[in-house]
Amino acid sequence: MNFLRLPFLVKLTLVVISIIGLGYLLALGQSILAPFFLAFLMAMLFLPFATFLERRLRFPRSISTMTSVMIMLVILAGVIYFFGSQLSSFSKDLPHLRGQFTTVFNNLQHWVSDTFHIKINEQLDYLDQGLNKLLSSSGVILGFTFGVFSTGFGFIVFFILFFIFILNYRRVLNNFIVTVFNEKHKTSVQEVVNEVRMMTKKYIIGLCLQVFIVSILASIVLTVLGVKYAVLLAVLTGLLNVIPYLGICISLLISCFIAFATGTPSTCIYVVIGYIAVHIVDGNIVLPFVVGSKVKINALFSFLGIIIGEHLWGIAGMFLCIPAIAILKIIFERVEGLQPWGKLLGEEEKPHKKKKKYKISKNITLEEMD
């Protein structure tokens, strides 16, 4: 078979045109592709449970799928109830928070004026008005939290339907991916599909565990410091931590803002120190031991993915871009000819690097995942 050899500039032009066309299609199909990809991730998360129901309890495919859907809806309803109850108590305290923040801010104005002898009343008044408006809006945090994955009722409906279809027709989709390639590549394609499915499932489960652990750590820090709404802020920190680097900074700003409005300025300093400690524990212990290094994305492409994801799909794209890049990395590393792209997305490999181990007890030892 003779392959057509094209000049480098022609190949580069075709690649650039393909990337632009793909980006245009992703932006155009946001209302369909965003819930579909989120449904795919959730289907990978519930796949072991559905398989258990079918193989061990002999449930039909439709019954196992609907059972998974019901459990997911119960969890989703619990999350919505949690945020709703927390934000309800938060909205009741808004007048008190606004008055307390105004008092603290006025004291800060006098301190800056007395200490530095700088006439900045107009600037500080402008900041005061802007921050008071931010506090007076009870839907700011609610809209940010629930606006992450939702663009309306249609998003939720599409998400649930796609989740049902992907989980119920997973064998059909798997057979299509395998049979669409040449017969001589059928075995290797099946191996790649199985590895991608297993690694994706482990990654999503690890990501959920990371969110849970970071939420617990942040809750302990904020509770010890006496910050109000510690649990709400901690859960928000865990969710935002899915966005590398940027997420922890956003949650830190929100926590410092609440700590400043409900406590003393010195509390903000302790919150910053506490969040730095949480980030260190997350990056050096939680991420290597729970998520693993094979799907770890380097900082450059994490940041580029966040920017491109936000541009294409808004806030939802900022959250979904990291799992998408991780899945692409898994595929690239297992497809011949694409391995360099997988290495480009990952961290720098260190030869002869030993896995980290922490011995908790005689029978329990934590070992870094691949």
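Residues numbered from 1 in each chain as written. Predicted model: local features only at pLDDT ≥ 70, side-chain atom pairs only at ≥ 80, totals over all residues. Heavy atoms only, no water.

Draft legend 1. Main features of the side chain of Thr65. Mapped onto the fold, Thr65 is located in helix α3 (residues 61–92). For Thr65, a relative accessible area of 1% gives the class buried. A polar atom in the side chain of Thr65 sits 2.8 Å from the backbone oxygen of Arg61. Not counting chain neighbours up to four residues away, the residues in contact with Thr65 comprise Ile164, Leu167 and Asn168. (Helix = DSSP H or I, 4+ residues; strand = E, 2+ residues; numbered from the N terminus. Buried < 20%, exposed > 50% of the residue type's maximum accessible area, 1.4 Å probe, protein only. Polar contact = N/O pair within 3.5 Å; in protein donor to acceptor, adjacent residues only side chain to side chain. Contact = heavy atoms within 4.5 Å.)

Draft legend 2. Looking closely at a nonpolar patch on the surface. A surface patch of nonpolar side chains, about 680 Å² in accessible area, is lined by Ile32, Val157, Phe158, Leu161, Phe165, Tyr169, Val172 and Leu173. Of all elements in the fold, only α7 (153–168) and α8 (170–179) reach the threshold of two or more residues within the nonpolar patch. Here the nonpolar patch gets four residues from one element, more than from any other, and that element is α7. As for its position among the elements, Val172 is in helix α8. (Patch = residues over 30% accessible without salt bridge, like charges linked within 9 Å, V, L, I, M, F, W, Y side chains within 5 Å. Areas by Shrake-Rupley, 256 points an atom, 1.4 Å probe, with all protein chains shown as cover. Salt bridge = Lys/Arg side-chain N within 4 Å of Asp/Glu carboxyl O.)

Draft legend 3. Quick look at the packing of helix α10 (residues 230–240) against helix α11 (residues 246–262). Contact geometry of α10 with α11 gives a least axis separation of 8 Å together with a crossing angle of 165°. With respect to α11, the axis of α10 lies roughly antiparallel. Considering the relative orientation of α10 and α11, their crossing is right-handed. Across the interface between the two elements, Leu233, Leu236, Thr237 and Leu240 of α10 pack against Gly247, Ile248, Ile250, Ser251, Ile254, Ser255 and Ile258 of α11. Looking at the contact of α10 with α11, its residues break down into seven nonpolar, four polar and no charged. (Axes fitted to C-alpha atoms, helices over the stretch in contact; angles between N-to-C directions. Parallel < 35°, antiparallel > 145°, perpendicular 65-115°, else oblique. Left-handed = near helix turned anticlockwise from the far one by under 90°. Nonpolar A, V, L, I, M, F, W, Y, C, P; charged D, E, K, R; others polar.)

Draft legend 4. How the structure looks around the environment of Val281. Along the chain, Val281 turns up in helix α12 (residues 265–291). Judged by its relative accessible area of 32%, Val281 falls in the partly exposed class. Residues Val281 and Val214 lie 67 residues apart in sequence; the distance between their C-alpha atoms is 8.9 Å. If near-sequence neighbours (up to four positions away) are discounted, Val281 is found in contact with Leu217 and Val286.

Draft legend 5. Layout of the side chain of Ser302. Along the polypeptide, Ser302 turns up in helix α13 (residues 299–313). Judged by relative accessible area, Ser302 falls into the buried class, the value being 2%. Setting aside chain neighbours within four positions, we find Ser302 in contact with Pro244, Ile297 and Ile322.

Draft legend 6. Region of interest: the nonpolar core. Phe163, Leu222, Val271 and Tyr275 are the most contacted members of the largest nonpolar core, which has 63 residues in total. In terms of residue count, the dominant contributor to this core is helix α2 (residues 30–55) (ten residues). The residues contacting Leu222, other than those within four sequence positions of it, are Val227, Ala230, Leu233, Ala234, Ser255, Val271 and Tyr275. (Core = buried A, V, L, I, M, F, W, Y, C linked by side-chain atoms within 4.5 Å.)

Draft legend 7. Quick peek at unusual backbone geometry. Its identity as a non-glycine residue notwithstanding, Arg58 has a phi of 60°, on the positive side. Despite not being glycine, Tyr229 shows a phi value in the positive range, around 60°. Structurally, Tyr229 can be placed in the loop between α9 (186–224) and α10.

Draft legend 8. Structural context of the packing of aromatic side chains. Within the structure shown, the criterion is met by six aromatic pairs. For the ring pair Phe46 and Phe163, a centre distance of 5.6 Å and an interplane angle of 85° mean the geometry is edge-to-face. Of this pair, Phe46 sits in helix α2 while Phe163 is found in helix α7, placing the two residues 117 residues apart along the sequence. Across the pair, exposure class does not vary: Phe46 and Phe163 are buried alike. Both rings, one in Phe165 and one in Tyr169, keep their centres 6.5 Å apart while their planes meet at 45°; by these two values the pair is tilted. The partly exposed category is assigned to Tyr169, whose relative accessible area is 45%. Linked through ring pairs, Phe36, Phe158 and Phe162 together constitute an aromatic cluster. (Phe/Tyr/Trp six-rings, centres within 6.5 Å; stacked < 30°, edge-to-face > 60°.)

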